Protein chains: 2
Amino acid sequence: VQVGLPVGFSAHTARVGLRAPGAGASATNDDLSVVLAPDGTSCAAVFTQSSFAGPSVTLSRDHCRAGGVRAAVIIAGNANVANGPRGLHDAEEVCQLVASRLSVQPSQLLLASTGVIGRPYPMERLRPALATLPRPPEGGFEAGPAEVAAAMMTTDTKPKVASRSLGHAVVVGVAKGVGMVEPNMATMLALVMTDAAVDPAALDGLWRATVEGTFNCLSVDGDTSTSDTAAIFASGLAGPVPLGDLSVAVREVCLDLTLQLARDGEGATKLMSVNVVDAADPAQAKRVAKAIVNSPLVKTAVHGADPNWGRVAMAVGKSTSVGEIDPDRVTIRFGDLEAYPARPGPEGLEELRRLMSADHVDIEVSLGTGEHSATVFGCDLSAEYVRINADYTT
Amino acid sequence: VQVGLPVGFSAHTARVGLRAPGAGASATNDDLSVVLAPDGTSCAAVFTQSSFAGPSVTLSRDHCRAGGVRAAVIIAGNANVANGPRGLHDAEEVCQLVASRLSVQPSQLLLASTGVIGRPYPMERLRPALATLPRPPEGGFEAGPAEVAAAMMTTDTKPKVASRSLGHAVVVGVAKGVGMVEPNMATMLALVMTDAAVDPAALDGLWRATVEGTFNCLSVDGDTSTSDTAAIFASGLAGPVPLGDLSVAVREVCLDLTLQLARDGEGATKLMSVNVVDAADPAQAKRVAKAIVNSPLVKTAVHGADPNWGRVAMAVGKSTSVGEIDPDRVTIRFGDLEAYPARPGPEGLEELRRLMSADHVDIEVSLGTGEHSATVFGCDLSAEYVRINADYTT
């Protein structure tokens, strides 16, 4: 069943020709998306922590701070990062052109760009395309979530859409990004739309907490892009819903997208989830979990289904300081099989090898230092990751 | 020319059968080394920061703190990590057996073990081998640095020895370790020996500073082993030398070993050096340099000679917080070619591709925030790294 947009939203996608030839599965996809929400929409957004963020992020951050954002422009194939004053000027022109066609203020736009770093937008192609965008509601704004998700892709091999309904309202999300930075292509990008009515301040709080527990728990390669953007729009047209219910639905949509992103990680053959429990505080739990999920040696062991639990011990050891944990109180499990301190014999290693051959490998570590936990998601490291990122040339 | 040991040192190597079959180039090497220095020797050592360190590290740390250490026992093929009380008991027995043959106290031994994690020493083989060690100076202690370096190897493809002379004295070093943790095999391990006379406190200061600027600037995969150990012995038999000269010679030996380790990194085809200059302080310089040298996307770009300088910008961005640097003041160079902000055109990209095809790729980043710098060393990421670490099973 094709999922539609929530009430009040409309979208348009087009092909401007921004992607490099050979950009993988997305080479012939549309590369420009415009999503419009009605007047009165609440918006919340979080952005990359990179100090090298481009003008798409810096402009959007300013617009969100000022309030009133109700449309998103998503450009795939060119991140417009590290282009100096020209990059900022081009980004401002893009906002002005789109705003004029949508009859909104430029400051009401969220601009997200994903792709090559250090190459200016091809304005000679982008300018006429934007100047002739259809004018909603005259028609031409008929794309659904699947079309937007496809138009956002860079090295993704499939579009990512997730949705949940709650009462009369619906929550629909789209996302892309399978390396934190792909062959010249940057960005984890997610847009969630709902027609539930929610106070902007409440939406902001809900969104930050959700992103922290979902997208921020995803690591493909530990590299942070210069363009990461995750935003939510709430049109309100389906009326109010209990904030707790909305929170659950948004979290489920984002977790669904996060798992889709992990499974489609560059070269990935397996989803890896790492759950750290019995930690002194949430920060300790997340730090250790991220060290495990990002360790190239754990990732290659998972890839090869090598029951090498010593590498998990190594990652726990490197991410905690001497005395912070007691190795004798640590437990390491793969699925429901205890690897440490049990130290499986030959039969146990066979069972471990079997668990690690599945397309979803679960690692659980108990630190024995408290009662907090964190779960993070990632994928294995394959020779295909190296091929994608080394043999593809600029 | 075969390098000999400094005056006063003697060494013995033997094959006990500790390595797993299929342990690569080192499968048939000796796997036990004992190095003895004369009474009155000064020793300084630094150890892994891992909280999961095994008894080799914890015992050696205690012995070094107590003073008087003048012999090293190096076991290759088994790290004796994560083996609980049995592991500690076995390590103590190894020290007692060796000490008894060398006529020293067990607390005068440095014990270093490198190899499989989570598997106890095969004491039934190790015990008789140690109990029948030759008793120096009766003979049988005739190994040179090359033999010791070969007996230390795990997945290393070649032994690593470096030496420098200064006046009547000589500085000789051996090292191993080509992944921070290899297929079940752990450890960067380095032992430097000199016959120069040097005050123990001065040696300690000199050693810590040297390790910080050499071995601690090496990253193969960002993973920290549970067993890293780097130690220096100074027998004093060649008499005193100026501390400044000794410092230069020791640093040169360690830097030489560091570069040998980087070049022999698992699956490595290229040496990568990253120099961060004009940083606000040394910590900022080293943090950014390590982020670059450890980034899988930078490492794969170097492997594929892809002139993708945007990935270096990405790594600078992710390792600094917003506002900490000004992207407009950052400069990125490959060799002597400026990539950012110059943004090379097609000809520049060709030149960049040529520079990146060399077997040594130099990346220099100026942060424009101050006057400090740091240089770190690493290697490219190849499909061979994945093969070594995924397809090798426990």
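Residues numbered from 1 in each chain as written. Chains lettered and ligands numbered in written order. Predicted model: local features only at pLDDT ≥ 70, side-chain atom pairs only at ≥ 80, totals over all residues. Heavy atoms only, no water.

**Describing empty space enclosed by the protein**
Residue and element names in this part refer to chain B.
Phase 1: For the structure shown, the criterion picks out one cavity of 30 Å³ or more.
Phase 2: The volume enclosed by the largest cavity comes to roughly 30 Å³.
Phase 3: As for the largest cavity, its lining consists of Ala-72, Ile-74, Leu-110, Ala-112, Leu-189, Ala-190, Leu-191, Thr-229 and Ala-231.
Phase 4: Of all the secondary-structure elements, those providing two or more residues to the lining of the largest cavity are β4 (71-78), β5 (109-116), β8 (189-194) and β10 (229-234). (1 Å grid on protein atoms, 1.4 Å probe; cavity = no way out; pocket = protein on both sides within 12 Å on 5 of 7 lines; lining within 4 Å. Points joined across faces, edges and corners; volume = space filled by probe spheres on them. Helix = DSSP H or I, 4+ residues; strand = E, 2+ residues; numbered from the N terminus.)

**Focus on the side chain of Asp-264 of chain A**
Residues and elements named next belong to chain A.
Phase 1: Here Asp-264 is to be found in the loop between α6 (243-263) and β11 (271-279).
Phase 2: A polar contact of 3.4 Å, which involves the side chain of Asp-264, links it to the backbone nitrogen of Lys-158.
Phase 3: Ignoring sequence-local partners within four residues, the contact set of Asp-264 consists of Asp-156, Thr-157, Lys-158, Lys-160 and Val-178. (Polar contact = N/O pair within 3.5 Å; in protein donor to acceptor, adjacent residues only side chain to side chain. Contact = heavy atoms within 4.5 Å.)

**Notes on the packing of helix α8 (residues 296-303) of chain A against helix α11 (residues 383-390) of chain B**
Phase 1: Relative orientation of the contacting elements α8 of chain A and α11 of chain B amounts to 70 degrees, with a least axis distance of 8 Å. On the basis of the axis angle, α8 of chain A is roughly perpendicular to α11 of chain B. Judged by the twist between their axes, the crossing of α8 of chain A over α11 of chain B is right-handed. Taking contact as the criterion, the partners of Pro-296, Leu-297, Thr-300, Ala-301 and His-303 of chain A in α8 of chain A are, on α11 of chain B, Tyr-385, Val-386, Asn-389 and Ala-390 of chain B.
Phase 2: A breakdown of the residues in the contact of α8 of chain A with α11 of chain B according to their chemical character gives six nonpolar, three polar and no charged. (Axes fitted to C-alpha atoms, helices over the stretch in contact; angles between N-to-C directions. Parallel < 35°, antiparallel > 145°, perpendicular 65-115°, else oblique. Left-handed = near helix turned anticlockwise from the far one by under 90°. Nonpolar A, V, L, I, M, F, W, Y, C, P; charged D, E, K, R; others polar.)

**Description of the sheet that holds strand β9 (residues 218-219) of chain B**
Residues and elements named next belong to chain B.
Phase 1: Taken together, six strands build an open sheet; the order of strands is β9-β15-β11-β14-β12-β13 and the sheet is mixed. Edge positions in the sheet fall to β9 and β13 (337-340), since each has one partner strand and no second.
Phase 2: In this sheet, strand β14 (residues 360-366) lies alongside strand β11 (residues 271-279) in parallel orientation, the contact comprising seven bridges. Residue pairing in the sheet places Val-274 in a bridge with Ile-363 of β14.
Phase 3: Each of β9, β11, β14 and β15 (372-379) is contacted by helix α6 (residues 243-263), which is oriented at about 45 degrees to β15, the strand it contacts most.
Phase 4: Contacting β12 (331-334), β13 and β14, helix α10 (residues 346-356) crosses the sheet at an angle of about 115 degrees to β13. (Pairing = 2+ DSSP bridges.)

**A short note on the sheet that holds β8 of chain B**
Residues and elements named next belong to chain B.
Phase 1: The mixed open sheet is built from five strands, whose spatial order is β3-β10-β8-β7-β6. Edge strands, defined here as strands with exactly one partner in the open sheet, are β3 (42-47) and β6 (160-166). Strand-to-strand twist across the sheet, computed as the mean angle between neighbouring axes with direction ignored, equals 10 degrees.
Phase 2: Pairing geometry for β3 and β10, over six bridges, is antiparallel. Considered in β10, the bridge of Ala-45 is made with Ala-231.
Phase 3: The sheet strands contacting helix α1 (residues 55-66) are β3 and β10, and the helix crosses β3 at an angle near 145 degrees.

**Brief notes about the environment of Ala-197 of chain A**
All names here are of chain A.
Phase 1: Structurally, Ala-197 is set in the loop between β8 (189-194) and α5 (200-213).
Phase 2: Relative accessible area serves as the criterion here: at 26%, Ala-197 is assigned to the partly exposed category.
Phase 3: Leave out the neighbours within four places in its chain, and Ala-197 touches Gly-236, Gly-239, Pro-240 and Val-241. (Buried < 20%, exposed > 50% of the residue type's maximum accessible area, 1.4 Å probe, protein only.)

**Some points on the packing of aromatic side chains**
Phase 1: Inspection of every chain in the model, using the stated rule, returns four aromatic pairs over all chains.
Phase 2: An aromatic cluster of three or more residues is present, and its members are Phe-52 of chain A together with Trp-309 and Tyr-340 of chain B. (Phe/Tyr/Trp six-rings, centres within 6.5 Å; stacked < 30°, edge-to-face > 60°.)

**Examining helix α3 (residues 123-131) of chain B**
Residues and elements named next belong to chain B.
Phase 1: Along α3, the residues that are buried comprise Met-123, Leu-126 and Leu-130. The arc enclosing the buried residues of α3, seen along the axis, measures out at 65 degrees, which places them on a common side.
Phase 2: On its buried side, α3 packs onto β2 (32-36), β4 and α2 (84-102). (Arc of directions from axis to C-beta.)

**Digging into the packing of helix α8 (residues 296-303) of chain B against helix α9 (residues 310-318) of chain B**
All names here are of chain B.
Phase 1: The interhelical angle for the contact between α8 and α9, taken along N-to-C directions, is 160 degrees, at an axis separation of 9 Å. The angle between the axes of α8 and α9 places the two elements in the roughly antiparallel class. Crossing hand, α8 versus α9: left-handed. Only Arg-311, Val-312 and Met-314 of α9 make contact with α8, whose side of the interface consists of Leu-297, Val-298, Thr-300 and Ala-301.

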